[in-house]
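Observations on chain architecture
Here is what each chain is made of, one letter per residue.
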Amino acid sequence: QAQVMESGGDSVQAGGSLRLSCTTSGLLFTYASMGWFRQAPGKEREAVSCINSDGTYTYYADFVKGRFTISRDSKTKTLYLQMNSLKPEDTAMYYCAANLNVRTCAEASGRTYWGQGTQVTVSS
């Protein structure tokens, strides 16, 4: 059974930076597109950024373009989300996902694996 685990969430002040990390099994990491999603209390889960299996295609939501960078390291089998210039509205639970529709950065129903979430809190 595939396993997805994310970490790196923390509480920071506006303008600060965080780097989230996500690991999976080697096979899943090698062949699967991956991405980051977030959900704030009372709001629907939304896509943040996605990347295809070899890192040649990336997707960014408009609200994070120029601030966040998604990347993956095939040697360590780790997915990253570098988050700079954080804003209070970035506060949410951030989830890592594997095996999705990377072009639209959307869940593939029944086939996407999800991590447990890591909390990011940005204060003004």
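First, a word on what this report is: a plain description of the structure on this page. (Residues numbered from 1 in each chain as written. Predicted model: local features only at pLDDT ≥ 70, side-chain atom pairs only at ≥ 80, totals over all residues. Heavy atoms only, no water.)

**What about the pairing of strand β7 (residues 68–73)?**
Rules: Classification of residues uses two cut-offs on accessible area relative to the type maximum, computed with a 1.4 Å probe and protein chains only: under 20% is buried, over 50% is exposed, and between them is partly exposed. The secondary structure listing takes helices from DSSP runs of H or I that are at least 4 residues long and strands from runs of E that are at least 2 residues long, numbered from the N terminus. The criterion for strand pairing is that DSSP finds at least two bridges linking the strands in question.
Because side chains alternate across β7, one face comprises the buried residues Phe-68, Ile-70 and Arg-72, and the other comprises Thr-69, Ser-71 and Asp-73, none of which is buried. The pairing of β7 with strand β8 (residues 78–83) spans 6 bridges and is classified as antiparallel. When the sheet's bridge partners are listed, Thr-69 is paired in β8 with Gln-82. Hairpin connection between β7 and β8: a loop of 4 residues separates the two successive antiparallel strands, and Lys-77 in this loop has a positive phi of roughly 55°.

**Some words on the pattern of salt bridges**
What counts is decided by this rule: In the sections that follow, a salt bridge refers to a side-chain nitrogen of Lys or Arg positioned within 4 Å of a carboxyl oxygen of Asp or Glu.
Throughout the structure, instances matching the rule amount to 5 salt bridges. Two residues, Glu-107 and Arg-45, come together in a salt bridge whose shortest N-O distance is 3.0 Å. One end of the pair, Glu-107, is in strand β11 (residues 106–107); the other, Arg-45, is in the loop between β4 (34–39) and β5 (46–51), with 62 residues separating them in the sequence. When salt bridges with common partners are traced through the structure, they connect Arg-38, Glu-46, Arg-67 and Asp-90 into a single cluster.

**Notes on the sheet that holds β7**
Hydrogen bonds between backbone groups are what pair the strands of a sheet, and the pairing can be parallel or antiparallel. Defined as follows: Angles here are taken between N-to-C directions and fall from 0 to 180 degrees, while the axes themselves are lines fitted to C-alpha atoms, restricted in helices to the stretch in contact.
Taken together, 4 strands build an open sheet; the order of strands is β1-β3-β8-β7 and the sheet is antiparallel. Looking at the sheet topology across the chains shown, the edges are occupied by β1 (4–7) and β7. Strand after strand, the sheet turns through a mean of 15° between neighbouring axes, direction not considered.

**Things to note about the state of the cysteines**
For clarity, the threshold we go by: Cysteine sulfur atoms are paired as a disulfide whenever they fall within 2.5 Å.
By the definition in use, this model includes 2 disulfides. Across the disulfide from Cys-22 sits Cys-96; the S-S distance is 2.0 Å. What sets the handedness of the Cys-22 and Cys-96 disulfide is the S-S torsion sign, and at about -80° it is left-handed. With Cys-22 in strand β3 (residues 18–24) and Cys-96 in strand β9 (residues 92–98), the pair connects residues that are 74 residues apart, well separated along the chain. Across the pair, Cys-96 and Cys-22 agree in class, each one buried. What pairs with Cys-50 in a disulfide is Cys-105, and their sulfur atoms sit 2.1 Å apart. Here Cys-50 and Cys-105 share a disulfide; its torsion about the S-S bond, 80°, makes the bridge right-handed.

**Some thoughts on the nonpolar core**
Put simply, the test is: The set of buried Ala, Val, Leu, Ile, Met, Phe, Trp, Tyr and Cys residues whose side-chain atoms join them within 4.5 Å is what this entry labels a nonpolar core. The contact definition used throughout considers only heavy atoms, calling two residues in contact when any of these lie within 4.5 Å.
Judged by nonpolar contacts, the single largest core of 28 residues is most densely connected at Met-34, Trp-36, Phe-68, Leu-79, Leu-81, Met-83 and Tyr-94. For this core, the secondary-structure elements that each account for two or more residues are β3, α1 (26–31), β4, β5, β7, β8, β9 and β13 (118–123). Among the elements that line this core, the one with the most residues is β9, at 4 residues. Not counting chain neighbours up to four residues away, the residues in contact with Met-83 comprise Gly-16, Ser-17, Leu-18, Leu-20, Arg-67, Phe-68, Tyr-94 and Val-120. Judged by nonpolar contacts, the second largest core, of 8 residues, contains Ala-47, Cys-50, Tyr-57 and Cys-105.

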